[in-house]
Amino acid sequence: MNSISMQFSRNQDTIIIDVMVTLLPLTPALVREGMAEAGFGRCFVVNDQLTNLLADYQALQSELKLKKIPDGYRAQRKIAVRKNAEVKFDIAPDAMTATATIVAAWGGAPVSANDLVKGAQEYGISFGFQKEQIVHLVATASRAEPGVVTTQVIAVGRVMQPGLNARFEALVAGMSVRVNKPVMISNSRADLRDFGVIPAVQLGQGIVRRLPPTKGVDGINVRSEVTLAPPGTPIEWNNGEGVEVSPTDADLLIAARDGMPRILDAGATVDEVYAVKKVDLATGHIQFRGSVIVNGDVTQGMKVIAGGNVFIKGAVEGDLVESGGDISIGGSIIGHQVNVGTDEEQYSTVVKAKGDIRCTLAQYVKIECEGDFHAVKQINHCDVSARMVVAGPEDKLTGKVVGGHFYLDLGIKCGVLGSPSESSLQLNINRRIDPVAEKQQALRQNVAAVKVEMEQIKSSIEQMKKLEKSDATTEHMNAFVEEFEAQKTVALAMIEDIKRLEAQRVALMIETAVIVKQQMFGGVEVHVGSEKLPVKREYGPSQVKIIEAALKIDPLIH
């Protein structure tokens, strides 16, 4: 108990102190202690009122000493106020989220969930209330110390989702729709010598299902303002030979003949199939518009050219294997260098595909594919142009890449890159970037030419200014000015195109990566855009990628 007699009362939201004046000192701590004992400890003490109380008390003490006021004199002063909790709202600039901020009550009433929702609605928030977050906010604020500020997201809008365009779903095992994204390493082991069941269809069998476009989902912000979702676009069939649209279902593609199905961008084709035990002098070169299956080897000097997919169960030492689809080779591809040491140095074996190329091992081979090149064991001194290179089994990247030249879209994944002998290995990951850079260069040359022409026009204008003014000279000068402005507009448009292409080039550079799971040796040189990074020593598991606009080597964290 305090030695000074203090009583507290409340008049509406004002707290009043009634204190007996004695010669004992009155301090802020004693006042606050008395308020707490009287049940007003959570109320807001007004500093000015507390200061005035203490000053008045000291003055009254002086009067008490001089007997100007009687013993037991009591003074009443306003000392504190009772404040209810306060809530404020804020809507994000995009109106997709709204937050509430509660200042905990000073002895007053807390904010209830219903009060908060009602206040939010009055503020203009009418959609996306998050019940659990609102309950958590009011509960936290009600337990908080007086004046503590608590903020929480209380409403979230619904993001507009554009409708999906029509899509195509393969109905035959072994067929797949190629997607333009990096290869993901699966958890299942693949044996390239076992092709499993090579996809085949019979007359009338369903091949591809067209899924209709979706309407999309309209977006709604927290103010209940709606953003209409654009519907997906229907896509017409674009089929090759050997297929037809089902007479009973316009979204079903069926085989018009027996054969091997192959997916297209917006449909499919059914290739006729040509099967042979091996390709050698006895069979001659194979040139077939459909798909080709070779159950053995393609021997030295031989060619296989197919319009569809090519499956070769053995090894390839031939001059050329070319496919309008994918090429799967169960064995190795073994070539050798031709015209070594000359400007016309080439490889004896070339493998080209519109899709992916897969094999066990490749050595001294020229590889060209629009898709990915995947070798299970090793790639030795090859010239490769591909979207991406993967060396190693699909469940564990242990494959080796030794020497050679690579011209890629996305990069390479392997176990070991380079060799202890530091043989030269050039990784040029610019196959997508170079066309963009070439467009930029052409535009820069055009801008330079336009600037030269603008300078000539400007010089002509300056010369005409020196002539005597006449209707003719004025007309000519106006024509020059118009031409100057027209050229300026063209130049500015081309400069904007250069900036747009630069943003595209930088984005493509960021997407590239070299992933090495085990070891990377010196002798490797990586090119991405205008960045060049020579590897001068041995590294453990590493990745090479663009970091802060520079090509860097970072440890690979598993």
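Scroll up to find the structure.
Along each chain, numbering runs from 1 in the same order as the chain's sequence is written. Local features in a predicted model are, by the rule used here, given only for residues with pLDDT of at least 70; side-chain atom pairs are given and counted only at 80 or more, and totals for whole chains, interfaces and linings are based on all residues. Each side-chain value is worked out from all heavy atoms of the structure, with water and hydrogens disregarded.

*Asks:* How should I be thinking about the overall build of the chain in this particular structure?
*Replies:* Each helix is a run of H or I in the DSSP string that is no shorter than four residues. Each strand is a run of E no shorter than two, and both are numbered from the N terminus. If you tally the helices and strands in the chain, you get six helices and 36 strands. For a compact globule the rule gives 2.2 Å times the number of residues to the power 0.38, and the radius of gyration it is set against comes from C-alpha atoms. In summary, the chain has a C-alpha radius of gyration of 40 Å against a globular reference of 24 Å for 558 residues, an excess of more than 25%. Considering only C-alpha atoms, the chain reaches an extent of 135 × 85 × 65 Å along its principal axes. Each residue's exposure class comes from its accessible area (1.4 Å probe, protein chains only) as a fraction of the maximum for that residue type: buried when under 20%, exposed when over 50%, partly exposed otherwise. Expressed as a percentage of its 558 residues, the buried residues of the chain come to 41%. Any two residues whose heavy atoms approach within 4.5 Å at even a single point are treated as in contact. Nonlocal contacts in the chain, meaning residues at least 24 apart in sequence, comprise 53% of its contacts between residues at least 6 apart. Carbon and sulfur atoms provide 51% of the accessible area of the chain, an area that totals close to 30,100 Å². In this tally Asp and Glu are treated as negative and Lys and Arg as positive; neither His nor the chain ends contributes. The location of each charge is read from NZ of Lys, CZ of Arg, CG of Asp or CD of Glu. Here the chain contributes 60 positive and 67 negative side-chain charges, whose respective centroids are spaced 7 Å apart. The protein chains shown are the only cover counted for residues, whose accessible areas, like all others here, come from Shrake-Rupley with a 1.4 Å probe.

*Asks:* I keep staring at the packing of aromatic side chains and nothing clicks. Help me out?
*Replies:* How two aromatic rings sit relative to each other is set out by the distance from centre to centre and by the angle between their planes. Classification of ring pairs rests on two measures: the distance between centres of Phe, Tyr or Trp rings, Trp counted by its six-membered ring, which must be within 6.5 Å, and the angle between planes, read as stacked under 30 degrees, edge-to-face over 60 and tilted in between. Counted by the stated rule, this structure contains four aromatic pairs. Measuring from centroid to centroid gives 5.9 Å for Phe89 and Tyr123, while their planes differ by 40 degrees, and the two rings are tilted. Linking Phe89 in strand E5 (residues 86-91) with Tyr123 in helix H3 (residues 113-123), this pair joins segments that are 34 residues apart in sequence. Relative accessible area serves as the criterion here: at 44%, Tyr123 is assigned to the partly exposed category. Both rings, one in Phe168 and one in Trp237, keep their centres 5.3 Å apart while their planes meet at 55 degrees; by these two values the pair is tilted. With Phe168 in strand E8 (residues 167-170) and Trp237 in the loop between strand E11 (226-227) and strand E12 (243-246), the pair connects residues that are 69 residues apart, well separated along the chain.

*Asks:* What is the right way to read the sheet that holds strand E7 (residues 149-156) from this model?
*Replies:* The pairing of strands in a sheet happens through backbone hydrogen bonds and is either parallel or antiparallel. Strand pairing is assigned whenever DSSP identifies at least 2 bridges connecting the two strands. Spatial strand order, E5-E6-E7: three strands in an open sheet with antiparallel pairing. The sheet is open, and its two edges are formed by E5 and E7, each paired on a single side. Across this sheet, the average inter-strand angle for adjacent strands is 25 degrees, counted without regard to direction. Two elements, E5 and strand E6 (residues 97-103), share six bridges in a ladder whose sense is antiparallel. In the sheet register, Ile91 faces E6, and the bridge partner there is Ala98. Whenever a helix is involved, its axis is fitted only over the stretch in contact; in every case the axis is a line through C-alpha atoms, and angles between N-to-C directions fall within 0 to 180 degrees. This element, H3, spans E5, E6 and E7 of the sheet and lies at about 45 degrees to E5. Docked against the sheet, helix H4 (residues 131-143) engages E6 and E7, running at close to 170 degrees with respect to E7.

*Asks:* Can you help me understand the pattern of salt bridges in this one?
*Replies:* Oppositely charged side chains may form a pair once their charged atoms are brought near each other. Throughout this description, the term salt bridge denotes a Lys or Arg side-chain nitrogen within 4 Å of a carboxyl oxygen of Asp or Glu. Scanning all chains against the criterion turns up 20 salt bridges. Across the pair Glu272 and Arg257 runs a salt bridge, and its minimum N-O distance is 3.9 Å. Of the two residues, Glu272 sits in the loop between strand E15 (267-271) and strand E16 (273-276) while Arg257 sits in the loop between strand E13 (249-255) and strand E14 (260-264), which places them 15 residues apart along the sequence. Assessed through its relative accessible area of 21%, Arg257 is described here as partly exposed. Measuring nitrogen to oxygen at the nearest pair gives 2.9 Å for the salt bridge that ties Glu502 to Arg505. Here Glu502 and its partner Arg505 are both found in helix H6 (residues 471-511), three residues apart, which amounts to about one turn of the helix. Beyond isolated ion pairs, a larger network of salt bridges with shared partners links Glu241, Arg257, Glu272 and Arg289.

*Asks:* Whenever I open this one, the environment of Pro70 confuses me. Can you help?
*Replies:* Structurally, the position occupied by Pro70 is in the loop between helix H2 (47-65) and strand E4 (74-81). Classification of Pro70 as exposed rests on a relative accessible area of 53%. Sequence separation of Pro70 and Ala120 is 50 residues, and the distance between their C-alpha atoms is 56 Å.

*Asks:* Please clarify how the nonpolar core should be interpreted in this entry.
*Replies:* Soluble globular proteins: nonpolar side chains tend toward being buried together. Only buried residues count toward a nonpolar core, which is a set of Ala, Val, Leu, Ile, Met, Phe, Trp, Tyr and Cys residues joined through side-chain atoms within 4.5 Å. Within the largest apolar cluster, 67 residues are counted, with the highest numbers of intra-cluster contacts made by Phe373, Leu417 and Leu427. Leave out the neighbours within four places in its chain, and Phe373 touches Ile357, Cys359, Ala362, Ile367, Ile379, Val384, Ala386, Met388, Val389 and Val390. Ile4, Val21, Val31 and Phe40 belong to the second largest nonpolar core, which has 23 residues in total.

*Asks:* Honestly, the packing of helix H1 (residues 28-37) against H2 in this entry has me stumped. Any pointers?
*Replies:* For any two helices packed against each other, the geometry is given by the interaxial angle and the distance between the axes. At a closest axis distance of 11 Å, the pairing of H1 and H2 adopts a crossing angle of 115 degrees. On the basis of the axis angle, H1 is roughly perpendicular to H2. Between H1 and H2 lies a crossing whose hand is right-handed. Residue-level contacts link Pro28, Val31 and Arg32 of H1 to Asn47, Leu50, Leu53 and Leu54 of H2. Grouping the constituent residues of the contact of H1 with H2 by class yields five nonpolar, one polar and one charged. In what follows, roughly perpendicular refers to angles from 65 to 115 degrees, roughly parallel to angles under 35, roughly antiparallel to angles over 145, and oblique to any angle outside these ranges. Note on convention: the crossing is left-handed when the near helix lies turned anticlockwise from the far helix by less than a right angle, right-handed when the turn is clockwise. Residue polarity follows a fixed list, in which Ala, Val, Leu, Ile, Met, Phe, Trp, Tyr, Cys and Pro are nonpolar, Asp, Glu, Lys and Arg are charged, and the others, Gly among them, are polar.

*Asks:* Looking at this structure, how should I read H4?
*Replies:* One full turn of an α-helix is made of 3.6 residues, so residues set three or four places apart face in the same direction. For H4, which comprises 13 residues, the first-to-last C-alpha distance of 19 Å matches the rise-based estimate of 18 Å (1.5 Å per residue) to within 8%. Of the residues making up H4, those classed as buried are Ile134, Leu137, Val138 and Ala141. End-on view of H4: buried residues confined to an arc of 90 degrees, all on one side of the axis. Facing away from the buried surface of H4 by more than 90 degrees, the exposed residues are Glu132 and Arg143. One less than the residue count of a helix, multiplied by 1.5 Å, gives the span that helix is expected to have. When we speak of the arc, we mean the arc of directions from the helix axis to the C-beta atoms.

*Asks:* What's the story with H1 in this structure? I'm lost.
*Replies:* By the burial criterion, the buried members of H1 are Val31, Gly34 and Met35. Buried residues in H1, looked at end-on, bunch into an arc of 100 degrees, giving them a common side. On its buried face, H1 is in contact with strand E1 (6-11), strand E2 (14-20), strand E3 (44-45), H2 and E4. A positive backbone phi angle near 90 degrees is found at Gly39, which sits one or two residues after H1.

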